[in-house]
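Breakdown of the fold
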Amino acid sequence: MNLAVIGSGGREHAICYKLKQSPKVKKIICLPGNAGTQKIAENIKEDISNFPAVYKIIKEHNIDIVIVGPEQPLVDGIVNYLNEKKVRVFGPDKFAAQLEGSKAFMKNLCKKNNIPTAKFGIFNNFEDASNFIKKNGVPIVVKADGLAAGKGVSVCSSIEEALKNTKEILDGKFKSSNKVVLEEFLNGDELSYFIVVDESSYYFFGSAQDHKRVGEKDIGPNTGGMGAYSPAPLLTSKLEKKIKKKIIEPTLNAMKNLGHSYKGFLYAGLMIKNNEPYLIEYNIRMGDPECQVLMMRLETDLLEIVDYATKNKLSDLKIKWDKKNCITIVLCAKGYPANYIKDSEIKNLSNIFIDKNNQIFHAGTYKKNDKIYSNGGRVLNITCLSENLIEARNKALAILEKINWLDGFFRKDIGWKVIKKK
Ligand code: AMP
Ligand code: GLY
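Residues numbered from 1 in each chain as written. Chains lettered and ligands numbered in written order. Predicted model: local features only at pLDDT ≥ 70, side-chain atom pairs only at ≥ 80, totals over all residues. Heavy atoms only, no water.

**Examining empty space enclosed by the protein**
Selection criterion: With a 1 Å grid laid over protein atoms only, a set of points is called a cavity when a 1.4 Å probe fits there but cannot get out and a pocket when it is open yet has protein on both sides within 12 Å along at least five of seven lines; lining residues have an atom within 4 Å of a point. Grid points are joined across faces, edges and corners, and a volume is the space filled by probe spheres set on the points. Nonpolar residues are Ala, Val, Leu, Ile, Met, Phe, Trp, Tyr, Cys and Pro. Charged residues are Asp, Glu, Lys and Arg, and all others, Gly as well, are polar.
Under the definition given, this model contains one cavity of 30 Å³ or more. There is about 50 Å³ of room inside the largest cavity. Surrounding the largest cavity, Ile67, Val68, Leu74, Phe90, Gly91, Pro92, Phe265, Ile284 and Arg285 form its lining. Residue classes in the lining of the largest cavity are distributed as seven nonpolar, one polar and one charged.

**Section: the sheet that holds strand β7 (residues 140-144)**
Here is the rule: At least two bridges found by DSSP between two strands are what make those strands a pair. Numbering of helices and strands starts at the N terminus; helices are DSSP runs of H or I of at least 4 residues and strands are runs of E of at least 2. Fitted lines through C-alpha atoms give the axes, limited to the stretch in contact for helices. The angle between two N-to-C directions lies from 0 to 180 degrees. What makes two residues a contact is simply this: any of their non-hydrogen atoms within 4.5 Å.
Spatially, four strands are ordered β6-β9-β7-β8 in an open sheet, and the strand pairing comes out antiparallel. Edge positions in the sheet fall to β6 (120-123) and β8 (153-156), since each of these pairs with one other strand and no more. Neighbour to neighbour, the strand axes of the sheet diverge by 20° on average, direction disregarded. Summarising the sheet, β7 and strand β9 (residues 180-184) pair through five bridges and their orientation is antiparallel. Note on β9: the bridge partner recorded for Ile140 is Glu184. Packed onto the sheet, helix α6 (residues 103-112) meets β6, β7, β8 and β9 and runs at close to 135° relative to β6. Across the face of the sheet, helix α8 (residues 159-170) comes into contact with β6, β7, β8 and β9 while running at roughly 10° to β7.

**Quick word on helix α7 (residues 126-136)**
This is how it is decided: Each residue is placed in one exposure class: buried if its accessible area under a 1.4 Å probe, protein chains only, is under 20% of its type's maximum, exposed if it is over 50%, and partly exposed if it falls in between. Note that the arc is computed from the directions linking the helix axis to the C-beta atoms. Any pair of N or O atoms that falls within 3.5 Å is considered a polar contact. Within protein, one atom must be able to donate a hydrogen and the other to accept it, and sequence-neighbouring residues count only if both atoms are side-chain atoms.
Of the residues making up α7, those classed as buried are Ala129, Ser130, Phe132 and Ile133. Along the axis of α7, the buried positions cluster into a sector of 155°, meaning they face one direction only. Turned more than 90 degrees off the buried face of α7, the exposed positions are Glu127, Lys134 and Lys135. Contacts from the buried residues of α7 go to β6, β7, α8 and β9. The opening residue of α7 is Asn125, an N-cap whose side-chain oxygen sits 3.2 Å from the backbone nitrogen of Glu127.

**Topic: the packing of helix α1 (residues 10-20) against helix α10 (residues 290-297)**
What counts is decided by this rule: Put simply, angles under 35 degrees are roughly parallel, angles over 145 are roughly antiparallel, angles from 65 to 115 are roughly perpendicular, and the rest are oblique. If you view the pair so one helix is near and one far, a crossing is left-handed when the near helix is turned anticlockwise from the far one by less than a right angle, and right-handed when it is turned clockwise.
Two numbers describe how α1 lies on α10: the axes approach to 8 Å, and their chain directions differ by 15°. Classified by the angle their axes make, α1 and α10 are roughly parallel. The element α1 and its partner α10 pack so that their crossing is left-handed. The segment α1 lies against α10, with Gly10, Arg11, Ala14, Ile15, Tyr17 and Lys18 engaging Cys291, Gln292, Met295 and Met296. The residue makeup of the contact of α1 with α10, split by class, is six nonpolar, two polar and two charged.

**Some details on the sheet that holds strand β18 (residues 345-346)**
In spatial order, the strands read β18-β21-β20; together these three strands make up an open sheet with antiparallel pairing. Both outer strands of the open sheet, β18 and β20 (365-368), are each paired with one neighbouring strand and no more. Where β20 meets strand β21 (residues 371-374), four bridges bridge the pair, whose relative direction is antiparallel. Pairing of Tyr366 across the sheet is with Tyr373, part of β21.

**Side note on the site of ligand 1**
Formally: Here a residue counts as near a molecule or strand whenever at least one of its heavy atoms sits within 4 Å of it. Residue-level accessible areas treat just the shown protein chains as cover; the underlying method is Shrake-Rupley with a 1.4 Å probe.
Neighbouring ligand 1 are 14 residues; Glu183, Glu184, Leu186, Glu190 and Glu281 lie closest to it. Here an oxygen atom of ligand 1 and a side-chain polar atom of Glu190 are 2.4 Å apart. Between an oxygen atom of ligand 1 and a side-chain N or O atom of Glu281, the distance comes to 2.8 Å. Burial of ligand 1 by the protein amounts to 89% of the accessible area it has alone, namely 460 Å². Looking at the shell around ligand 1, the elements that each hand over two or more residues are β7, β9 and β16 (276-283). The residue makeup of the shell around ligand 1, split by class, is seven nonpolar, no polar and seven charged.

**As for the pairing of strand β22 (residues 378-386)**
In terms of burial, β22 is a largely internal element, nine of the nine residues being buried. As defined by bridge partners, strand β17 (residues 325-333) adjoins β22 across eight bridges and the pair is classed as antiparallel. Counterpart to Thr328 in the pairing with β22 is Thr383. Note that strand β19 (residues 358-362) and β22 share five bridges and pair antiparallel. Looking at the pairing, His362 lines up with Leu380 of β22.

**Focus: the state of the cysteines**
To be explicit about the condition: For the purposes of this analysis, a disulfide is any pair of cysteine sulfur atoms at a distance within 2.5 Å.
Applying the stated criterion to the full structure yields zero disulfides. Cys30 carries a free sulfur, and the closest cysteine sulfur to it, the one in Cys16, is 4.2 Å from it. Free of any disulfide, Cys332 has its nearest neighbouring cysteine sulfur in Cys384, separated by 16 Å.

**Brief notes about the side chain of Gln209**
Considering the arrangement of structural elements, one finds Gln209 in strand β11 (residues 202-210). Overall, Gln209 belongs to the buried group, its relative accessible area being 12%. A distance of 2.7 Å separates a polar side-chain atom of Gln209 from the backbone oxygen of Glu190. A distance of 2.9 Å separates a polar atom in the side chain of Gln209 from a polar atom in the side chain of Tyr229. Filtering out sequence-adjacent residues up to four positions away, Gln209 remains in contact with Glu190, Leu191, Gly227, Ala228, Tyr229, Ala232, Pro233 and Leu234.

Pasting the structure below:
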């Protein structure tokens, strides 16, 4: 089969890597891809928000299935566009993509269906929002309604900060949002829970824990994710039953009843408080960098999963996971998540030994004259699988030492909360 993967991050490199292991894959194209996907797939430079141009490429390459990595094209309706042209796409339609594309949509769906989530208010004028903030006090979480590239959420510890961030959102700081969602602050442990879904069934698709803050011990500004590990020890079978019964199944049923059955990967960002799960957010795609650790642990053929899901036959499949632990450490360009260094050569990559337990997934990289350069905030994902997390982390740190990229930085403490306890 011929496949197209849309996106250019570490997530998409990990998806291409896993797809390439399938004996049924003939060709993979990646739009636009990076220096890592280039080794596996044919990279094609195209603006992925230009759906007619994407469709033209898909036709030219006789693509059987399209896999969409990032949220923006899904929220913009790429699945509807390509389905109308009779192209098979793995992902939710534009309506279902609102689960991530509009926090107000997601929160209202939770309220209507008794799905546990933080108490909240949705506002489009400052006066009502500021009354809510003053009445409820701090800490309070201020969220832009629409997509904001990971920058739309702030946990505020003073009324002044909450009012300032609310005003900025209502004044149009994010083009995607004219509403603000104000939320009760939930104190607990975060857990990423993944499923793969077709119209009639769904399957667990792994658990992970992400590290969103830029600094060690989880301090500093939020990022897209500085590292992750899988599986998450927090997920017991008792907790999983609650997650399915109280969060996942009511959501999938609600979407079905709205006439837009969910399809694709669904990523629930959860807060676990006193052994009870609360939904913080939905992502309508795989996580990045969570996908990198999950693809290393996935034993089942990914093409088969996507093929079956798009034929609505997921229930015929068994999905198997390697029980080992996987960790990924994100190597970032200095300055990230603010302005960061670009076009810096990464010299030592060809000396690194990689195998099925040790991979370097590329994110913001490109290749020029046989050299690899950085062009993003998150640049490489050093991903290692091992019997235990400490060993996996040590292996990743040893690789980072060999790369020795002077314009980069990374967190040495990925997994600190669980590793510390051992
Ligand atoms: P989101 O984009 O909604 O996932 O929010 C980004 C991060 O903000 C989450 O991963 C949490 O760490 C934090 N966060 C969001 N909502 C809440 C909440 N209600 N209580 C505590 N922390 C939150
Ligand atoms: N790592 C967080 C996300 O993909 O949204």
